[in-house]
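# Coordinate analysis (summary)
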Amino acid sequence: MESRNRTTTGRSTSTAHHTAYPSRRTTANRIFAAIYASALLALFYHHTNNLLFHSTTCSSFFTSSSLLIADFVFAFMWLTTQSFRMRPLFREEFPENLKRVLKKESDFPAIDAFICTADPYKEPPMGVVNTALSVMAYDYPAEKISVFVSDDGGSALTLFAFFEAAKFAGHWLPFCRKNDVVQRSPEAYFAANPSTTSETDKLKILYESMKARVENVVVRGKVNEQYITEEQYQAFAKWTHGFTPQDHPTVIQVVLDKSKDRDITGHPMPNLVYVSRQKSRTSTHHFKAGALNVLLRVSATMSNAPIILTLDCDMYSNDPQTPLRALCYFSDNELRSKLGYVQFPQRFHGINKSDIYGCELKRMFKINPVGLNGLAGPDYFGTGCFFSRRAFFGGPWALVSPEMPELRPDNVVGKPIQSPEILELAHLLAGCDYEKQAQWGYKIGVRYGSLVEDFFTGYHLQCEGWKSIFCNPEKAAFYGDAPISLVDVLNQMKRWSIGLHEVTFSKYCPLTFGSRYIGILMGFAYAHYSFGPLWSIPMVVYAFLPSLALLNGVSIFPKVSEPWFLLYLFLFLGGYGQDLLDFIIEEGTFKKWWNDQRMWMIRGLSCLLFGSVEYFLKSLGISTHGFSVTSKVVDKEQSKIYEQGVFDFGVESPMFVPMTMAAITNLAAFCLGLVVVLTGRESAFEELFMQVLISGFGVLNSLPVYEAMITSSKRGIPTRTILLSVVLSTVLFVAAFVALRL
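Residues numbered from 1 in each chain as written. Predicted model: local features only at pLDDT ≥ 70, side-chain atom pairs only at ≥ 80, totals over all residues. Heavy atoms only, no water.

### Side note on the sheet that holds strand 13 (residues 478-481)
Pairing between the strands of a sheet is mediated by backbone hydrogen bonds and can be parallel or antiparallel. Keep this limit in mind: Paired strands, as defined in this entry, are two strands with at least two bridges between them according to DSSP. Put simply, DSSP H or I for four residues or longer makes a helix, DSSP E for two residues or longer makes a strand, and each gets a number counted from the N terminus.
Spatial strand order, 8-13-10: three strands in an open sheet with mixed pairing. Two strands lie at the open edges of the sheet, namely strand 8 (316-317) and strand 10 (348-349), each paired on one side alone.

Following this line, the structure appears as structure tokens:
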């Protein structure tokens with residue numbers, strides 16, 4: 001990786017908290033962009049010429065128009081990508097220098113950590129517990145940390161898990177301090193470190209005992225009285241017969257109070273607060289964005305820390321120094337006034353060697369943010385991010401005051417966390433009717449209006465004038481779970497696709513609103529993501545049009561002997577070559593890159609396409625499926641298949657139909673094309689060679705689909721999906737046969 005190869009001189013004597021240096025590839029990127037842009041202009045000249053002077057029939061006009069539209073989308077997305085390549089900037093932090101300034105515990109700013117969960121069966125409570133414990137055990141004054149857990153599923157099982165975690169934390173936190181433990185998620189620590197001492201053995205027994213009790217309660221689906229104390233009984237009494245995940249009162253439980261609770265060595269424990277906001281079937285809840293806004297308000301009454309850490313429930317901390325790295329930027333007087341957040345990359349454990357589903361999302365979480373570091377900073381990923389609380393209340397120069405003085409970011413909490421007044425106010429702020437006729441979600445807090453509330457919120461904050469920092473230390477700051485099922489990967493991306501459309505087709509469109517407030521390059525960067533679902537247009541066109549034309553013996557591309565053929569070849573090899581180079585430099589492998597580009601094509605023919613259709617149906621008032629949580633449960637059989645690097649199509653889904661159709665159509669076209677090119681007339685090679693190449697490329701990328709079509713195991717494509725795809729492919733061929741002769 002380029003940033004790792006740079007050396008920082010004078011590191012041991014420097015008092016700087018951080019440094020930055022531009023990428024050595026910046027000049028090369030700009031030169032290549034100019035050359036590639038010229039080639040694209042030539043391509044559009046070719047398309048326009050064909051459309052105006054050579055499209056003499058309905059079929060030729062349709063073909064030329066389709067290719068023009070597809071290539072226009074390709075060119076537009078390439079253009080927006082250049083915003084990441086114009087000013088890439090690497091950063092490095094020196095937390096050891098920060099410790100020279102923050103000598104007393106009182107010098108450290110307080111941190112409120114927000115962890116969101118929604119379903120104890122899709123997001124196992126033990127995973128949430130490990131995330132919370134890893135944060136509570138930071139190399140940071142314990143009395144300066146408050147952890148707030150939002151349980152949008154309103155589950156007694158999750159609350160029980162945290163009562164158990166609180167007891168275990170009394171042993172775990174001093175163990176981490178004493179032994180300078182690096183992996184402070186207990187599950188990760190015990191998995192990577194075999195027991196070598198009696199102290200470790202005893203602690204592991206305590207952990208396994210806690211884990212067994214929690215998992216037993218989850219399997220039973222209820223908390224038995226034998227597991228809870230008399231003091232805890234009152235908390236669980238709130239789960240009455242009419243209590244459901246969609247309709248229930250507010251539940252706020254202070255599990256640990258730093259002013260009272262101590263670990264086994266007498267040190268204070270961090271605050272740990274369970275929050276399940278009020279739910280009603282007649283109220284709008286705004287999914288995760290609404291849950292985060294409730295945590296913003298509840299935490300303001302209890303601790304009101306100036307720095308907020310947001311985490312997904314499965315994204316545990318992997319480095320106890322992480323908050324100090326964030327402070328390297330928040331403590332900088334030159335940055336502080338305009339610094340809205342410090343974003344760490346999402347990294348995932350458990351991904352197989354070849355990353356068959358492209359779950360690393362290396363461009364989104366590592367490559368592109370480096371490019372944005374040289375502009376206004378990266379977008380918000382939804383997890384692994386340290387915010388300035390002030391950033392949620394208007395721009396750097398214009399504070400938007402909330403409706404209560406207790407909610408202001410500069411308010412000082414003067415009462416104990418469990419005082420009746422504090423708890424009463426917190427319950428009021430977590431009510432489902434509180435936000436009515438208030439500014440929450442629109443002018444203050446996490447923003448409403450899109451399913452991708454993280455992307456939308458970061459975009460709004462930067463439009464208001466806030467800057468952000470991408471902090472990418474060599475040791476991963478956080479690790480999370482990546483989906484290991486193809487249908488889970490596609491469903492997650494479909495949800496993102498709908499949310500991105502909601503941003504694109506709103507008054508906050510990045511091309512117009514964004515370019516106006518944060519500049520053209522940042523506007524293009526956000527447009528690259530928000531217009532991302534449009535990738536489905538060129539994917540569909542190039543997946544079917546060249547192969548259908550080839551099956552009918554119709555040439556739609558330049559001959560091999562024509563100069564235009566070399567133009568197409570340069571655009572293809574240049575675009576793919578640069579992408580491969582970026583991927584390899586960021587510690588990728590060729591095999592991972594190949595699988596990543598394959599998944600890019602698969603997404604274009606499935607989740608991006610279906611997400612776009614679902615968004616437009618929703619815009620027309622036609623009911624569609626609601627928000628669904630991505631499962632974090634690891635099935636042993638599914639995990640075994642994933643580790644073998646085999647695609648799992650076992651769950652029936654309509655999203656599998658277009659990709660199966662494309663695989664069938666391209667295979668038929670490639671086989672027929674080879675026969676025609678090798679045995680047909682001499683001109684056939686020149687006229688059809690490019691279509692044979694495109695069909696062959698489609699076949700190569702469809703190998704997992706063919707394997708799934710012929711396998712008899714549960715992971716194969718369901719027979720009904722195959723039959724439907726064959727029928728629809730036949731219908732498509734017949735339609736093309738008729739249309740191409742008009």
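### Looking at the sheet that holds strand 5 (residues 251-256)
Counted only if it meets this: Helix axes are fitted only over the stretch in contact, all axes being lines through C-alpha atoms; the angle between N-to-C directions runs from 0 to 180 degrees.
Ordered in space as 5-6-4-3-7-11-9-12, the eight strands form an open sheet in which the pairing is mixed. Of all strands in the sheet, those bounded by a partner on one side alone are strand 5 and strand 12 (467-470). Within the sheet, the average angular offset between the axes of one strand and its neighbour, ignoring direction, is 20 degrees. Of the strand pairs in this sheet, strand 3 (residues 111-117) and strand 4 (residues 145-151) are connected by seven bridges, and their pairing is parallel. When the bridges of strand 4 are listed, threonine 117 appears paired with aspartate 151.

### A closer look at a nonpolar patch on the surface
Heads up, the rule is: The patches reported here contain residues having more than 30% relative accessible area and no salt bridge. Joining distances are 9 Å for like charges and 5 Å for nonpolar side chains (Val, Leu, Ile, Met, Phe, Trp, Tyr). Values of accessible area rely on a 1.4 Å probe in the Shrake-Rupley scheme; residue burial ignores everything except the protein chains shown. The salt bridge criterion pairs a side-chain nitrogen of Lys or Arg with a carboxyl oxygen of Asp or Glu, the two atoms within 4 Å. For every residue, the accessible area (1.4 Å probe, protein chains only) is compared with the maximum for its type, and the residue is labelled buried under 20%, exposed over 50%, or partly exposed between those bounds.
A grouping of Leu566, Leu569, Phe572 and Leu573 is seen on the molecular surface, where their side chains present a nonpolar patch of about 370 Å² in accessible area. Note on placement: leucine 573 falls in helix 20 (residues 563-585). According to the relative accessible area criterion, leucine 573 is exposed, its value standing at 51%.

### Topic: the pairing of strand 4
Quick note on the threshold: We call a crossover right-handed when, viewed with the strands running away from us, the connection from the first strand over the helix to the second turns clockwise.
The buried fraction of strand 4 amounts to seven of the seven residues, a majority that puts the element mostly inside the structure. Across the two faces of strand 4 the burial is the same, with Ile145, Val147, Val149 and Asp151 and Ser146, Phe148 and Ser150 all buried. Handedness of the strand 3-helix 5 (residues 125-136)-strand 4 crossover: right-handed. Note that strand 4 and strand 6 (residues 271-276) share five bridges and pair parallel. Opposite valine 147, over in strand 6, you have leucine 272 as the bridge partner.

### Focus on the nonpolar core
As a reminder, the rule being used: As used here, the term nonpolar core means buried Ala, Val, Leu, Ile, Met, Phe, Trp, Tyr and Cys residues forming a set that is joined through side-chain atoms within 4.5 Å.
Judged by nonpolar contacts, the single largest core of 118 residues is most densely connected at Val147, Trp172 and Phe386. Here the element with the most residues in this core is helix 6 (residues 156-179); it accounts for 15 residues.

### A word on unusual backbone geometry
Unlike most non-glycine residues, histidine 286 shows phi in positive territory, near 60 degrees. Summarising the element assignment, histidine 286 is placed in the loop between strand 6 and helix 10 (287-302). For histidine 286, a relative accessible area of 25% corresponds to the partly exposed category.

### Concerning the packing of aromatic side chains
Put simply, the rule is: Centres within 6.5 Å are what make two rings of Phe, Tyr or Trp a pair, Trp counting through its six-membered ring; a difference in plane orientation under 30 degrees is then read as stacked, over 60 as edge-to-face, and the rest as tilted. Look at NZ for Lys and CZ for Arg. If either is within 6 Å of the ring centre and within 35 degrees of the ring normal, a charge sits over the ring.
If you walk through the whole model with that rule in mind, you get 65 aromatic pairs. Each ring, one from tyrosine 508 and one from phenylalanine 513, has its centre 5.0 Å from the other, and the planes form 85 degrees; the classification is edge-to-face. Here a set of aromatic residues connected by ring pairs shows up, and it is made of Phe84, Phe455, Phe456, Tyr459, Tyr508, Phe513, Tyr517, Tyr526 and Tyr529. When the ring centre of tryptophan 440 is taken as origin, the NZ or CZ atom of arginine 297, which lies over that ring, is 4.9 Å away. Positioned above the aromatic ring of phenylalanine 583 is the side chain of lysine 362, whose terminal nitrogen or guanidinium carbon lies 5.5 Å from the ring centre.

### Some details on the packing of helix 15 (residues 453-463) against helix 18 (residues 520-530)
Convention followed: Throughout this description, any angle smaller than 35 degrees is read as roughly parallel, any larger than 145 degrees as roughly antiparallel, any in the 65 to 115 degree range as roughly perpendicular, and the remainder as oblique. Left-handed describes a crossing in which the near helix is turned anticlockwise from the far one by less than a right angle; the clockwise case is right-handed. The contact rule is simple, with two residues in contact once any of their heavy atoms fall within 4.5 Å. We call Asp, Glu, Lys and Arg charged. Ala, Val, Leu, Ile, Met, Phe, Trp, Tyr, Cys and Pro are nonpolar, and the rest, Gly among them, are polar.
Packing of helix 15 against helix 18 brings their axes to within 12 Å, and their N-to-C directions diverge by 170 degrees. Between helix 15 and helix 18, the angle falls in the class roughly antiparallel. For the element pair helix 15 and helix 18, the recorded crossing hand is left-handed. Contacts between helix 15 and helix 18 involve Phe455, Gly458, Tyr459 and Gln462 from the former and Met522, Tyr526, Tyr529 and Ser530 from the latter. Among the residues forming the contact of helix 15 with helix 18, the class breakdown is five nonpolar, three polar and no charged.

### Considering the pairing of strand 5
Taken across its six residues, strand 5 has six buried, putting it largely inside the fold. Both strand 5 and strand 6 contribute to a ladder of five bridges, which runs antiparallel. For isoleucine 252, the partnering residue across the bridge sits in strand 6 and is valine 275.

### Thoughts on helix 16 (residues 486-504)
To keep it simple, the criterion reads: Residue count minus one, scaled by 1.5 Å, sets the expected span of a helix.
Here helix 16 spans 27 Å end to end across 19 residues, near enough to the 27 Å set by a 1.5 Å rise per residue. In terms of residue burial, helix 16 counts as a mostly covered element, since 16 of its 19 residues are buried.

### Section: the packing of helix 19 (residues 536-551) against helix 27 (residues 719-739)
Across the interface, helix 19 lies against helix 27 with an axial gap of 10 Å and an inter-helix angle of 65 degrees. Relative to helix 27, the element helix 19 is oriented roughly perpendicular. The interaxial crossing formed by helix 19 with helix 27 has right-handed handedness. In this structure, helix 19 uses Phe544, Leu548 and Leu551 to contact helix 27, whose residues at the interface are Leu732, Phe733 and Ala736. Among the residues forming the contact of helix 19 with helix 27, the class breakdown is six nonpolar, no polar and no charged.

Shape descriptors only; they carry no functional weight alone.
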